[in-house]
Amino acid sequence: MNLSVNNVAEKPLLSEAKFIAGFHSIGEQRYHHQHPFHLLMHEGKLTRGQLQAWALNRYYYQSRIPIKDAAILARSEDPAFRLAWRKRILDHDGDGTKPGGIEKWLRLVEATGLSRVQALSGEGILPATRFAVQAYVDFVSTHSHLEAVASSLTELFSHKLIALRMDRMRLHYPWLSGGLDYFTGRLSQAPEDAEFALAWVVKHAHTRTEQDAAHAALRSKCDILWAQLDALYFAYVNPAWPPPGAFHPARDS
């Protein structure tokens, strides 16, 4: 006899080890460290203009991270969670006494040879960047709190990528060295944030359905990051067709 959808048995709960391993498997397969744009970057094969386009578009993503985190914070009724999560907003916005991640990224934009005014205005940002970044803000605002937190777990994999990026940028693009402070800060911030988020997700995913939703949330976040690099590759590498209104590198860059 066929069971109705409502009577389908819940799949067995994954053990904590298997649940956590699932996140790492997703990262190995789908995190954007494997994207061709990043591979070119780390091989020293990007032009100054391509790096400018990357820094400019990535700034738009960076500028929305505190907005994303504020949306997640607002979903919680737990003061302890809000206390822990608001650290992320301070890390990016700064606390008034030292620069946060957004200011540091602006300095990276300037190190590429572009002005911070251009980054702040959003002039030249790819349409696909806007759509992908807004999709992330919408995701954490409309999905469950568990899924919103789980989507942040790309930070589990970012430490290795950041360390590699800093090493290769100093090697291949020494003129960028003065703008790498953002990555220095994230080497400690990202693992701390990931440790808290992972422990919270493990504790609050009580059913297999919730565990599967948490895994799916991380896949969605990886897709969003990958889509941003797809747009950069198409616009500035191959076939190198930036859309109307997008940033155009100087001919000699």
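Here the structure is a predicted model, which is why all the values come from computation and not from measurement.

Draft legend 1. Representation of the side chain of H38 within the structure. Its location among the elements puts H38 in helix α2 (residues 36-42). Excluding anything up to four places from it in sequence, H38 contacts H32, H33, W54, L161, R165 and L229.

Draft legend 2. Spotlight on the packing of helix α1 (residues 16-30) against helix α10 (residues 181-204). With their axes 11 Å apart at the nearest point, α1 and α10 run at an angle of 130 degrees to one another. Classed by the angle they form, the pair α1 and α10 counts as oblique. As α1 packs across α10, the resulting crossing turns out to be right-handed. Within the contact between the two elements, α1 uses E16, F19, I20 and F23 and α10 uses L198, V201 and V202.

Draft legend 3. Structural detail: empty space enclosed by the protein. Tallied over the full model, the rule gives 3 cavities of 30 Å³ or more. Contributing to the lining of the largest cavity are 25 residues, with R58, Y61, E155, Y182 and R186 lying nearest its centre. The set of elements that each furnish at least two residues to the lining of the largest cavity consists of α3 (48-74), α4 (79-93), α9 (155-172), α10 and α11 (208-236). With 6 residues, α3 is the single largest residue contributor to the lining of the largest cavity. Classifying every residue of the lining of the largest cavity gives 10 nonpolar, 6 polar and 9 charged. Roughly 100 Å³ of volume is contained in the second largest cavity. Residue lining of the second largest cavity: H32, H38, W54, N57, R58, T129, R165, L225, Q228, L229 and L232, and that is the complete set. For the lining of the second largest cavity, the secondary-structure elements that each account for two or more residues are α3 and α11. For the lining of the second largest cavity, the element with the highest residue contribution is α11, accounting for 4 residues.

Draft legend 4. Looking closely at α10. With 24 residues, α10 extends 35 Å between its outermost C-alpha atoms, agreeing within 8% with the 34 Å of an ideal straight helix rising 1.5 Å per residue. Along α10, the helix axis deviates most sharply at L187, where the bend reaches about 40 degrees; the proline P191 sits within four residues downstream.

What counts, and at which threshold
- Residues numbered from 1 in each chain as written.
- Predicted model: local features only at pLDDT ≥ 70, side-chain atom pairs only at ≥ 80, totals over all residues.
- Heavy atoms only, no water.
- Helix = DSSP H or I, 4+ residues; strand = E, 2+ residues; numbered from the N terminus.
- Contact = heavy atoms within 4.5 Å.
- Axes fitted to C-alpha atoms, helices over the stretch in contact; angles between N-to-C directions.
- Parallel < 35°, antiparallel > 145°, perpendicular 65-115°, else oblique.
- Left-handed = near helix turned anticlockwise from the far one by under 90°.
- 1 Å grid on protein atoms, 1.4 Å probe; cavity = no way out; pocket = protein on both sides within 12 Å on 5 of 7 lines; lining within 4 Å.
- Points joined across faces, edges and corners; volume = space filled by probe spheres on them.
- Nonpolar A, V, L, I, M, F, W, Y, C, P; charged D, E, K, R; others polar.
- Expected span 1.5 Å × (residues − 1).
- Bend = angle between axes of the 7 residues up to and from the residue.

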